[in-house]
Amino acid sequence: MRHITTFAGLPVIEFEPGIVDKLDVEGTPRSAVAWRISADYEDTEEAFRVLLDRCLDVVGGESVQALVIGEWGEAYDTPPPLHLLVAARARLPHLRALFLGEMTGEECEISWINHTDVAPLLAAFPGLEILRIRGAEGLQLSPVRHMRLRELAVESGGLPAGVVRGITDSHLPALTDLELWLGVSQYGGDVTVEDLAPVFSGTGLPQLRRLALRNAEIADQVAAALAGAPVVPRLEALDLSLGILSDRGAEALLLGQPLTHLRRLDLSHHFISAELADRLRAELPGVDVDLSDQQEEDDGERYTAVSE
(Lines give C-alpha, C1' and ligand atoms only; values in the text may rest on other atoms or scores of the structure.)
Protein backbone atom coordinates (compact mmCIF):
# COMPACT_ATOMS: atom_id res chain seq x y z
CA MET A 1 0.00 0.00 0.00
CA ARG A 2 1.05 3.55 -0.67
CA HIS A 3 0.12 6.62 1.30
CA ILE A 4 -3.14 8.13 0.12
CA THR A 5 -3.02 11.46 -1.68
CA THR A 6 -6.67 12.43 -1.19
CA PHE A 7 -9.20 11.83 1.54
CA ALA A 8 -12.81 13.00 1.81
CA GLY A 9 -12.35 14.82 -1.47
CA LEU A 10 -9.40 16.84 -0.16
CA PRO A 11 -5.65 16.65 -0.88
CA VAL A 12 -3.69 15.07 1.96
CA ILE A 13 -0.88 17.23 3.34
CA GLU A 14 1.58 16.04 5.98
CA PHE A 15 1.57 18.53 8.81
CA GLU A 16 4.71 20.50 9.45
CA PRO A 17 4.74 24.15 10.52
CA GLY A 18 6.37 25.38 7.31
CA ILE A 19 3.68 23.91 5.07
CA VAL A 20 1.04 26.16 6.62
CA ASP A 21 2.97 29.27 5.60
CA LYS A 22 3.35 27.82 2.09
CA LEU A 23 -0.40 27.24 1.78
CA ASP A 24 -1.11 30.75 3.04
CA VAL A 25 1.19 32.21 0.37
CA GLU A 26 -0.49 30.08 -2.30
CA GLY A 27 -3.90 31.20 -1.10
CA THR A 28 -5.03 27.66 -0.28
CA PRO A 29 -7.55 27.68 2.58
CA ARG A 30 -6.41 25.57 5.51
CA SER A 31 -9.86 23.98 5.53
CA ALA A 32 -9.30 22.74 1.95
CA VAL A 33 -6.73 20.18 3.11
CA ALA A 34 -6.88 16.80 4.87
CA TRP A 35 -4.14 17.14 7.47
CA ARG A 36 -1.98 14.07 8.06
CA ILE A 37 -0.37 13.63 11.46
CA SER A 38 2.25 10.94 11.86
CA ALA A 39 4.78 10.32 14.62
CA ASP A 40 7.79 8.02 14.38
CA TYR A 41 7.26 4.37 15.30
CA GLU A 42 9.48 4.70 18.38
CA ASP A 43 7.69 7.79 19.67
CA THR A 44 5.65 7.86 22.86
CA GLU A 45 2.05 8.93 23.41
CA GLU A 46 3.36 12.22 24.76
CA ALA A 47 5.19 12.86 21.49
CA PHE A 48 1.97 12.26 19.56
CA ARG A 49 0.08 14.59 21.91
CA VAL A 50 2.62 17.35 21.31
CA LEU A 51 2.35 16.84 17.54
CA LEU A 52 -1.45 16.93 17.61
CA ASP A 53 -1.48 20.07 19.78
CA ARG A 54 1.03 21.77 17.53
CA CYS A 55 -1.03 20.97 14.44
CA LEU A 56 -4.18 22.38 15.98
CA ASP A 57 -2.31 25.47 17.21
CA VAL A 58 -0.58 26.22 13.91
CA VAL A 59 -3.35 25.24 11.50
CA GLY A 60 -6.17 26.32 13.76
CA GLY A 61 -8.44 23.51 14.89
CA GLU A 62 -11.51 25.35 13.63
CA SER A 63 -10.08 25.03 10.11
CA VAL A 64 -9.61 21.26 10.23
CA GLN A 65 -12.30 19.34 8.36
CA ALA A 66 -10.37 16.13 7.78
CA LEU A 67 -7.64 14.36 9.75
CA VAL A 68 -5.49 11.45 8.60
CA ILE A 69 -3.69 9.70 11.46
CA GLY A 70 -0.58 7.75 10.46
CA GLU A 71 1.85 6.30 12.96
CA TRP A 72 1.27 7.11 16.62
CA GLY A 73 4.25 5.18 17.94
CA GLU A 74 4.48 1.41 18.10
CA ALA A 75 1.21 0.75 16.28
CA TYR A 76 1.95 -2.97 16.20
CA ASP A 77 1.84 -2.99 20.00
CA THR A 78 -0.20 0.04 21.08
CA PRO A 79 -3.67 1.21 20.00
CA PRO A 80 -4.12 4.81 18.85
CA PRO A 81 -4.48 7.34 21.69
CA LEU A 82 -8.11 8.07 20.89
CA HIS A 83 -8.53 9.79 24.24
CA LEU A 84 -6.30 12.59 22.93
CA LEU A 85 -8.63 13.15 20.00
CA VAL A 86 -11.64 12.99 22.28
CA ALA A 87 -10.03 15.53 24.61
CA ALA A 88 -9.45 17.83 21.62
CA ARG A 89 -13.06 17.70 20.41
CA ALA A 90 -13.81 21.30 21.40
CA ARG A 91 -10.85 22.43 19.30
CA LEU A 92 -12.16 20.50 16.27
CA PRO A 93 -15.69 21.85 15.86
CA HIS A 94 -15.82 21.20 12.10
CA LEU A 95 -14.15 17.78 11.87
CA ARG A 96 -16.17 15.71 9.41
CA ALA A 97 -13.70 13.05 8.21
CA LEU A 98 -11.17 10.89 10.05
CA PHE A 99 -8.79 8.15 8.88
CA LEU A 100 -7.16 6.07 11.61
CA GLY A 101 -4.05 4.02 10.85
CA GLU A 102 -3.08 5.30 7.42
CA MET A 103 0.22 3.40 7.21
CA THR A 104 2.09 1.47 4.58
CA GLY A 105 3.25 -2.10 5.08
CA GLU A 106 6.78 -0.82 5.65
CA GLU A 107 5.53 1.19 8.62
CA CYS A 108 3.26 -1.52 10.02
CA GLU A 109 1.64 -4.51 8.36
CA ILE A 110 -2.13 -4.08 8.16
CA SER A 111 -2.85 -7.10 10.36
CA TRP A 112 -0.46 -5.81 13.03
CA ILE A 113 -2.07 -2.39 13.48
CA ASN A 114 -3.61 -2.25 16.94
CA HIS A 115 -6.90 -0.56 17.72
CA THR A 116 -9.42 -0.33 20.51
CA ASP A 117 -13.10 0.56 20.88
CA VAL A 118 -13.88 3.47 18.54
CA ALA A 119 -17.36 4.11 19.96
CA PRO A 120 -16.12 6.92 22.30
CA LEU A 121 -14.68 8.68 19.26
CA LEU A 122 -18.01 8.62 17.45
CA ALA A 123 -19.76 9.85 20.57
CA ALA A 124 -17.30 12.74 20.89
CA PHE A 125 -17.75 13.88 17.28
CA PRO A 126 -21.46 13.84 16.42
CA GLY A 127 -20.74 15.79 13.22
CA LEU A 128 -18.39 13.16 11.81
CA GLU A 129 -19.48 12.03 8.35
CA ILE A 130 -16.61 9.77 7.26
CA LEU A 131 -14.66 7.27 9.37
CA ARG A 132 -12.05 5.02 7.82
CA ILE A 133 -9.91 2.60 9.80
CA ARG A 134 -6.93 0.56 8.64
CA GLY A 135 -6.18 -2.50 10.76
CA ALA A 136 -8.42 -4.54 13.03
CA GLU A 137 -6.24 -6.09 15.73
CA GLY A 138 -8.13 -5.39 18.95
CA LEU A 139 -10.71 -3.29 17.10
CA GLN A 140 -14.12 -2.94 18.72
CA LEU A 141 -17.22 -0.90 18.06
CA SER A 142 -19.62 -0.85 20.96
CA PRO A 143 -23.14 -0.11 19.66
CA VAL A 144 -23.58 3.62 19.13
CA ARG A 145 -26.18 6.06 17.92
CA HIS A 146 -24.75 8.46 15.34
CA MET A 147 -26.99 10.56 13.14
CA ARG A 148 -24.46 12.03 10.67
CA LEU A 149 -22.05 9.23 9.71
CA ARG A 150 -22.34 8.61 5.96
CA GLU A 151 -19.29 6.49 5.19
CA LEU A 152 -17.73 3.78 7.34
CA ALA A 153 -14.81 1.64 6.19
CA VAL A 154 -12.58 -0.88 7.93
CA GLU A 155 -9.57 -2.17 5.99
CA SER A 156 -8.18 -5.38 7.42
CA GLY A 157 -6.36 -8.61 6.72
CA GLY A 158 -8.85 -10.31 9.03
CA LEU A 159 -11.96 -8.68 10.44
CA PRO A 160 -13.34 -9.86 13.81
CA ALA A 161 -17.04 -10.76 13.71
CA GLY A 162 -17.57 -8.60 16.79
CA VAL A 163 -16.91 -5.48 14.73
CA VAL A 164 -19.65 -6.43 12.28
CA ARG A 165 -22.04 -7.10 15.14
CA GLY A 166 -21.16 -3.73 16.63
CA ILE A 167 -22.06 -2.04 13.35
CA THR A 168 -25.33 -3.91 12.91
CA ASP A 169 -26.30 -3.24 16.53
CA SER A 170 -25.66 0.49 16.10
CA HIS A 171 -28.12 3.13 14.94
CA LEU A 172 -26.62 4.68 11.80
CA PRO A 173 -29.56 6.09 9.84
CA ALA A 174 -27.46 8.29 7.53
CA LEU A 175 -24.97 5.61 6.44
CA THR A 176 -24.86 5.37 2.65
CA ASP A 177 -21.49 3.64 2.19
CA LEU A 178 -20.28 0.60 4.14
CA GLU A 179 -16.92 -0.95 3.25
CA LEU A 180 -15.56 -3.93 5.16
CA TRP A 181 -12.42 -5.88 4.31
CA LEU A 182 -13.29 -9.31 5.69
CA GLY A 183 -9.86 -10.87 5.24
CA VAL A 184 -8.82 -14.38 6.17
CA SER A 185 -9.11 -16.59 9.23
CA GLN A 186 -5.34 -16.78 9.64
CA TYR A 187 -5.35 -13.11 10.62
CA GLY A 188 -8.46 -13.12 12.77
CA GLY A 189 -11.12 -12.87 10.09
CA ASP A 190 -14.00 -14.89 11.55
CA VAL A 191 -16.95 -13.06 9.97
CA THR A 192 -19.60 -15.41 8.58
CA VAL A 193 -22.51 -14.85 6.23
CA GLU A 194 -24.78 -15.16 9.27
CA ASP A 195 -22.98 -12.21 10.91
CA LEU A 196 -23.71 -10.15 7.79
CA ALA A 197 -27.40 -11.11 7.67
CA PRO A 198 -28.60 -7.83 9.27
CA VAL A 199 -26.75 -5.90 6.54
CA PHE A 200 -28.20 -8.12 3.81
CA SER A 201 -31.72 -7.67 5.19
CA GLY A 202 -31.60 -3.97 4.41
CA THR A 203 -33.57 -2.97 7.48
CA GLY A 204 -30.89 -1.55 9.78
CA LEU A 205 -29.19 0.74 7.24
CA PRO A 206 -32.06 2.40 5.36
CA GLN A 207 -29.88 4.79 3.32
CA LEU A 208 -27.22 2.30 2.21
CA ARG A 209 -26.31 2.77 -1.45
CA ARG A 210 -22.82 1.25 -1.67
CA LEU A 211 -21.89 -2.05 -0.07
CA ALA A 212 -18.29 -3.21 -0.29
CA LEU A 213 -17.35 -6.58 1.21
CA ARG A 214 -13.78 -6.75 0.03
CA ASN A 215 -10.65 -8.84 0.47
CA ALA A 216 -12.82 -11.79 1.50
CA GLU A 217 -11.81 -15.39 1.93
CA ILE A 218 -15.57 -16.13 1.97
CA ALA A 219 -16.27 -14.17 -1.23
CA ASP A 220 -18.22 -17.02 -2.88
CA GLN A 221 -20.47 -17.45 0.15
CA VAL A 222 -21.04 -13.70 0.30
CA ALA A 223 -21.99 -13.64 -3.38
CA ALA A 224 -24.44 -16.50 -2.88
CA ALA A 225 -26.08 -14.68 0.04
CA LEU A 226 -26.32 -11.44 -1.93
CA ALA A 227 -28.07 -13.23 -4.79
CA GLY A 228 -31.31 -13.02 -2.84
CA ALA A 229 -30.53 -10.29 -0.29
CA PRO A 230 -33.26 -7.62 0.17
CA VAL A 231 -30.65 -4.85 0.39
CA VAL A 232 -29.41 -5.35 -3.18
CA PRO A 233 -32.26 -3.65 -5.13
CA ARG A 234 -31.56 -0.33 -3.43
CA LEU A 235 -27.79 -0.41 -3.99
CA GLU A 236 -26.08 1.67 -6.63
CA ALA A 237 -22.68 0.01 -6.23
CA LEU A 238 -21.62 -3.45 -5.08
CA ASP A 239 -17.97 -4.24 -4.44
CA LEU A 240 -16.64 -7.77 -3.92
CA SER A 241 -13.10 -6.96 -5.00
CA LEU A 242 -9.72 -8.05 -3.60
CA GLY A 243 -11.07 -11.45 -2.55
CA ILE A 244 -11.08 -14.99 -3.92
CA LEU A 245 -14.34 -14.83 -5.87
CA SER A 246 -14.55 -17.78 -8.30
CA ASP A 247 -16.98 -19.18 -10.86
CA ARG A 248 -19.12 -20.43 -7.99
CA GLY A 249 -19.74 -16.91 -6.74
CA ALA A 250 -20.07 -15.44 -10.22
CA GLU A 251 -22.67 -18.07 -11.14
CA ALA A 252 -24.63 -17.25 -7.98
CA LEU A 253 -24.71 -13.57 -8.92
CA LEU A 254 -25.90 -14.39 -12.44
CA LEU A 255 -28.64 -16.76 -11.26
CA GLY A 256 -29.83 -14.52 -8.45
CA GLN A 257 -31.91 -11.36 -8.47
CA PRO A 258 -31.35 -8.80 -11.25
CA LEU A 259 -28.28 -6.60 -10.94
CA THR A 260 -28.98 -4.45 -13.98
CA HIS A 261 -29.92 -1.49 -11.77
CA LEU A 262 -26.38 -1.22 -10.41
CA ARG A 263 -24.19 1.61 -11.56
CA ARG A 264 -21.01 -0.31 -10.72
CA LEU A 265 -20.08 -3.90 -9.87
CA ASP A 266 -16.47 -4.25 -8.75
CA LEU A 267 -15.14 -7.81 -8.86
CA SER A 268 -11.48 -6.95 -9.48
CA HIS A 269 -8.79 -9.33 -8.20
CA HIS A 270 -10.80 -12.49 -8.82
CA PHE A 271 -10.54 -16.14 -9.85
CA ILE A 272 -13.41 -16.10 -12.36
CA SER A 273 -12.96 -17.92 -15.66
CA ALA A 274 -12.99 -16.01 -18.93
CA GLU A 275 -16.30 -17.66 -19.88
CA LEU A 276 -18.08 -16.50 -16.71
CA ALA A 277 -16.49 -13.05 -17.02
CA ASP A 278 -17.90 -12.73 -20.55
CA ARG A 279 -21.34 -13.76 -19.29
CA LEU A 280 -21.24 -11.13 -16.55
CA ARG A 281 -20.41 -8.40 -19.05
CA ALA A 282 -23.03 -9.61 -21.52
CA GLU A 283 -25.85 -9.95 -18.99
CA LEU A 284 -25.11 -6.62 -17.30
CA PRO A 285 -24.68 -4.35 -20.34
CA GLY A 286 -25.49 -1.09 -18.57
CA VAL A 287 -23.35 -1.78 -15.51
CA ASP A 288 -19.73 -0.77 -15.08
CA VAL A 289 -18.38 -4.26 -14.32
CA ASP A 290 -14.75 -4.31 -13.21
CA LEU A 291 -13.20 -7.71 -13.83
CA SER A 292 -9.59 -6.57 -13.90
CA ASP A 293 -6.69 -8.30 -12.19
CA GLN A 294 -7.70 -11.90 -12.91
CA GLN A 295 -5.76 -14.28 -10.66
CA GLU A 296 -4.61 -17.88 -11.05
CA GLU A 297 -4.57 -20.50 -8.33
CA ASP A 298 -1.20 -21.30 -6.78
CA ASP A 299 -0.99 -25.07 -6.37
CA GLY A 300 -4.74 -25.18 -5.90
CA GLU A 301 -4.77 -22.29 -3.42
CA ARG A 302 -6.47 -18.91 -3.79
CA TYR A 303 -5.33 -15.83 -1.92
CA THR A 304 -6.91 -12.49 -1.06
CA ALA A 305 -5.11 -9.36 -2.17
CA VAL A 306 -4.29 -8.25 1.40
CA SER A 307 -3.62 -10.48 4.39
CA GLU A 308 -0.60 -9.60 6.51
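Refer to the structure above for everything that follows.
Participant: Can you explain the nonpolar core? Please cite residues and give values.
Facilitator: Residues W35, L178, L182 and L211 are the most contacted members of the largest nonpolar core, which totals 92 residues. For this core, the element with the most residues is helix 2 (residues 45–60), which contributes five residues. Those residues in contact with L182 that sit more than four places away from it in its chain are S156, G158, L159, G189, V191, L196, L213, R214, N215, A216, I218 and V222. Membership of the second largest hydrophobic core comes to nine residues, among which are F7, L10, A34 and A66.

Participant: Outline the packing of helix 6 (residues 193–201) against helix 7 (residues 219–226), listing residues and values.
Facilitator: Closest axis-to-axis distance for the helix 6/helix 7 pair is 11 Å, and the angle between their directions is 35°. Of the two elements, helix 6 crosses helix 7, and the hand of that crossing is right-handed. Counted together, V193, L196 and F200 of helix 6 and Q221, V222, A225 and L226 of helix 7 form the full contact between these two elements.

Participant: Describe the pattern of salt bridges, with residues and values.
Facilitator: A complete count under the given rule lists 29 salt bridges for this structure. Among the salt bridges present, the one from R134 reaches E102, with a minimum N-O distance of 3.7 Å. With R134 in strand 6 (residues 130–134) and E102 in the loop between strand 5 (97–100) and helix 4 (119–124), the pair connects residues that are 32 residues apart, well separated along the chain. Residue R134 shares its accessibility class with E102, and that shared class is buried. Taking the shortest distance from any N to any O, the salt bridge between E129 and R148 comes out at 3.1 Å. With E129 in the loop between helix 4 and strand 6 and R148 in the loop between strand 6 and strand 7 (151–155), this pair connects stretches of sequence that are 19 residues apart. Through salt bridges with shared partners, one network takes in E14, R36, E102, R132, R134, E155, D177, E179, R210, R214 and D239.

Participant: An account of the packing of helix 5 (residues 161–168) against helix 6 is needed here, citing residue identities and associated values.
Facilitator: Between helix 5 and helix 6, whose axes approach to 9 Å, the crossing angle comes to 25°. With respect to helix 6, the element helix 5 is oriented roughly parallel. For the pair helix 5 and helix 6, the crossing hand works out as left-handed. Residues A161, V164, R165 and T168 of helix 5 form the contact with helix 6, whose participating residues are D195, L196, P198 and V199. Here the contact of helix 5 with helix 6 is composed, by residue class, of five nonpolar, one polar and two charged.

Participant: Lay out the layout of surface pockets in plain terms, naming residues and giving numbers.
Facilitator: By volume, the largest pocket amounts to about 160 Å³. Together, V184, S185, Q186, Y187, E217, I244, E301, R302, Y303, T304 and S307 line the largest pocket. Class assignment for the residues of the lining of the largest pocket results in four nonpolar, four polar and three charged.

Participant: Break down empty space enclosed by the protein for me, with residues and values.
Facilitator: Per the counting criterion, the structure on display carries one cavity of 30 Å³ or more. Estimated volume of the largest cavity: approximately 30 Å³. Every residue lining the largest cavity is listed: V118, I133, L139, L141, L152, V154, V163 and I167.

Participant: Can you break down the environment of Q207 residue by residue, with the values?
Facilitator: By the secondary structure assignment, Q207 is in the loop between helix 6 and strand 9 (210–216). Exposure remark for Q207: the relative accessible area of 37% places this residue in the partly exposed category. Taking the C-alpha atoms as reference points, Q207 and L172, separated by 35 residues in sequence, lie 9.1 Å from one another. For Q207, the residues in contact, after removing those within four places along its chain, are P173, A174, L175 and T176.

Participant: Could you give me a rundown of unusual backbone geometry, with the residues and numbers involved?
Facilitator: Even without a glycine there, the phi angle at A8 is positive, about 55°. For A8, the position within the fold is in the loop between strand 1 (6–7) and strand 2 (10–14). For A8, a relative accessible area of 21% gives the class partly exposed. Phi at D299 is positive, roughly 55°, even though this residue is not glycine.

Analysis parameters
- Residues numbered from 1 in each chain as written.
- Predicted model: local features only at pLDDT ≥ 70, side-chain atom pairs only at ≥ 80, totals over all residues.
- Heavy atoms only, no water.
- Core = buried A, V, L, I, M, F, W, Y, C linked by side-chain atoms within 4.5 Å.
- Buried < 20%, exposed > 50% of the residue type's maximum accessible area, 1.4 Å probe, protein only.
- Helix = DSSP H or I, 4+ residues; strand = E, 2+ residues; numbered from the N terminus.
- Contact = heavy atoms within 4.5 Å.
- Axes fitted to C-alpha atoms, helices over the stretch in contact; angles between N-to-C directions.
- Left-handed = near helix turned anticlockwise from the far one by under 90°.
- Salt bridge = Lys/Arg side-chain N within 4 Å of Asp/Glu carboxyl O.
- Parallel < 35°, antiparallel > 145°, perpendicular 65-115°, else oblique.
- Nonpolar A, V, L, I, M, F, W, Y, C, P; charged D, E, K, R; others polar.
- 1 Å grid on protein atoms, 1.4 Å probe; cavity = no way out; pocket = protein on both sides within 12 Å on 5 of 7 lines; lining within 4 Å.
- Points joined across faces, edges and corners; volume = space filled by probe spheres on them.

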